[in-house]
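Geometric and topological summary
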Amino acid sequence: MSLMRNLNRALTATTGLQVRKAAPVAPAAPKATAPKQTAKKPTAVYRCPAPEDLATDRLLRRPVFIMSPVRSGSTLLRMLLNAHPRLHSPHELHIRRLEVGYGSKLSQKAMSALDLERGDLEHLLWDRVMHRELVKSGKDFIVEKTPSNAFVYERIRDCWPDARFVFLLRHPVSIAQSWHEGDPDKRTYDEAAADALRYMKAVEKARKGTTGGHTVRYEDITADAEKELRGLCAYLDIDFEPTMLDYGKKDDAQVVKGLGDWRDKIRTGQVQAGRALPTEDDIPDLLRPMCEAWGYSR
């Protein structure tokens, strides 16, 4: 008879209790951990150069920025402008994504001693890249048309106090349709409308946040390109050139997939008629406020 059984008999007779082997303890369930939060990128600190400092801090003079939503005809407009002998408008440059980092605390300290914070260094880089492109072209002024620039219009305005802004509008429904048709497998029409609306709101905010800009409409360009270009040239203080209307003869094939429109219509070298304007019934509730703000709805 085992020791355990003898022990239990004696315990039962005297106390009424027994000893039993403990059941194995189940491992504790892992504690739920909160999802890791993505570290928020610190806001770039920079100073706005005073007019007397522009000669030292900036190489570019009076750069032109086309502020427009996606699929609003910005590639067509930049090709027309690029055909002017004084304007160079390359493919989208996405300068806002060019960032500067410090390799050490000493390098940061050294730059701070020069009164250059991270944002200042980024602005110097942006300016240098665009100036290099302009010098290579041999022209007088550069025109940049990346749609996402609208999200950082304040930095662009602060980086180049003498910058000029052209706001390109298009019917919001036409923008959404074109954005959907560009990649229907990637986004439904509703998703395209919601995504494009972010750009429209950014452009509208930039229109209200800058002074002295010039607004043009895609539909007006396709209907009477010469009239719109004459007005735009007057704003830029340059003479209109009739050769701008046949941009294909002067363009140097700067059509790069993913950096603006690259499809057959833009490659014709001439302004093509736009699509018919949407009707009131075509305007979804999501886009109605923007249609009204831009004068495309009753």
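Remember, it's a predicted structure, so these values are computed and weren't measured experimentally.

Taken together, the side chains of Leu98, Leu125 and Val129 present a nonpolar region at the surface, about 190 Å² in accessible area. Turning to its location among the elements, Val129 is positioned in helix H5 (residues 118–137). According to the relative accessible area criterion, Val129 is partly exposed, its value standing at 34%.

A few words on unusual backbone geometry. In terms of backbone geometry, most residues other than glycine have negative phi values and most peptide bonds are trans. One non-glycine residue, Arg71, adopts positive backbone phi at about 55 degrees. In this structure Arg71 comes out as partly exposed when scored by relative accessible area, which is 26%. Positive phi, normally seen in glycine, also occurs at Asp115, with a value near 65 degrees. Structurally, Asp115 can be placed in the loop between helix H4 (105–113) and H5.

Our next topic: the pairing of strand E3 (residues 141–144). The side-chain alternation of E3 yields two buried faces, one formed by Phe141 and Val143 and the other by Ile142 and Glu144. Both strand E1 (residues 64–67) and E3 contribute to a ladder of two bridges, which runs parallel. Residue pairing in the sheet places Val64 in a bridge with Val143 of E3. Alignment of strand E2 (residues 87–88) against E3, held across two bridges, turns out to be parallel. Note on E3: the bridge partner recorded for Leu87 is Phe141.

What follows deals with the sheet that holds E1. Within a sheet, neighbouring strands are paired by backbone hydrogen bonds and run either parallel or antiparallel to one another. The parallel open sheet is built from five strands, whose spatial order is E2-E3-E1-E4-E5. In the strand order of this sheet, the two ends are held by E2 and strand E5 (214–217), each with one partner. The strands touched by helix H10 (residues 225–236) are E1, E2, strand E4 (164–169) and E5; relative to E4, the strand with the most contacts, the crossing angle is about 160 degrees.

One pass over the structure, following the stated rule, counts four aromatic pairs. Between Phe65 and Trp160, the ring centres sit 5.3 Å apart and the planes meet at 35 degrees, which makes this aromatic pair tilted. With Phe65 in strand E1 and Trp160 in the loop between helix H6 (153–159) and E4, this residue pair connects regions lying 95 residues apart in the sequence. Relative accessible area serves as the criterion here: at 0%, Phe65 is assigned to the buried category. Under the relative-accessibility criterion, Trp160 is labelled buried at 1%. Centroid distance Phe151 to Tyr199: 5.0 Å. Interplanar angle 65 degrees. Geometry classified as edge-to-face. With Phe151 in the loop between E3 and H6 and Tyr199 in helix H8 (residues 189–209), this residue pair connects regions lying 48 residues apart in the sequence. Judged by relative accessible area, which is 32%, Phe151 ranks as partly exposed. These aromatic residues form a ring-pair network of at least three members: Phe65, Trp160, Phe165 and Phe167. The ring of Trp179 has Arg187 lying over it, and the distance from NZ or CZ to the ring centre is 3.6 Å.

Below, the discussion takes up helix H7 (residues 172–182). Listing the buried residues of H7 in full gives Pro172, Val173, Ser174, Ile175, Ala176, Ser178 and Trp179. For H7, the elements touching its buried residues are H8 and helix H12 (288–293).

This part is about the pattern of salt bridges. Where charged atoms from two side chains of opposite charge approach closely, those side chains can pair. Under the definition given, this model contains twelve salt bridges. Residues Asp57 and Arg47 are paired through a salt bridge, measuring 3.1 Å at the closest nitrogen-oxygen approach. Within this pair, whereas Asp57 is found in helix H2 (residues 54–57), its partner Arg47 is found in the loop between helix H1 (3–14) and H2, the two being separated by ten residues in sequence. Among the residues examined, Asp57 registers a relative accessible area of 14% and is labelled buried. Where Glu226 meets Arg230, a salt bridge forms, and the shortest distance between an N and an O atom there is 3.0 Å. Placement of both Glu226 and Arg230 in helix H10 is noted, with a separation of four residues, approximately one turn of the helix. Put simply, Arg47, Asp57 and Asp115 are held in one network by salt bridges that share partners.

Attention now moves to the nonpolar core. In terms of nonpolar packing, the biggest core is built from 38 residues, with Phe65, Met67, Trp160, Met200 and Trp294 touching the most fellow members. If you list the elements that add at least two residues to this core, you get E1, H5, H6, E4, H7, H8 and H12. Here this core takes nine residues from H8, the largest share from any one element. Beyond its immediate sequence surroundings of up to four residues, Phe65 is in contact with Ile95, Met130, Glu144, Asn149, Ile156, Trp160, Ala163, Arg164, Phe165 and Val166.

With that settled, consider the state of the cysteines. Across all of its chains, the model carries zero disulfides by this definition. No disulfide involves Cys159; its sulfur sits 9.3 Å from the nearest other cysteine sulfur, which is in Cys48. By relative accessible area, which is 0% here, Cys159 ends up buried.

Cut-offs and rules
Residues numbered from 1 in each chain as written. Predicted model: local features only at pLDDT ≥ 70, side-chain atom pairs only at ≥ 80, totals over all residues. Heavy atoms only, no water. Patch = residues over 30% accessible without salt bridge, like charges linked within 9 Å, V, L, I, M, F, W, Y side chains within 5 Å. Areas by Shrake-Rupley, 256 points an atom, 1.4 Å probe, with all protein chains shown as cover. Salt bridge = Lys/Arg side-chain N within 4 Å of Asp/Glu carboxyl O. Helix = DSSP H or I, 4+ residues; strand = E, 2+ residues; numbered from the N terminus. Buried < 20%, exposed > 50% of the residue type's maximum accessible area, 1.4 Å probe, protein only. Pairing = 2+ DSSP bridges. Contact = heavy atoms within 4.5 Å. Axes fitted to C-alpha atoms, helices over the stretch in contact; angles between N-to-C directions. Phe/Tyr/Trp six-rings, centres within 6.5 Å; stacked < 30°, edge-to-face > 60°. Lys NZ or Arg CZ within 6 Å of the ring centre and 35° of its normal. Core = buried A, V, L, I, M, F, W, Y, C linked by side-chain atoms within 4.5 Å. Disulfide = S-S within 2.5 Å.

So yeah, pure geometry; function would need other evidence.
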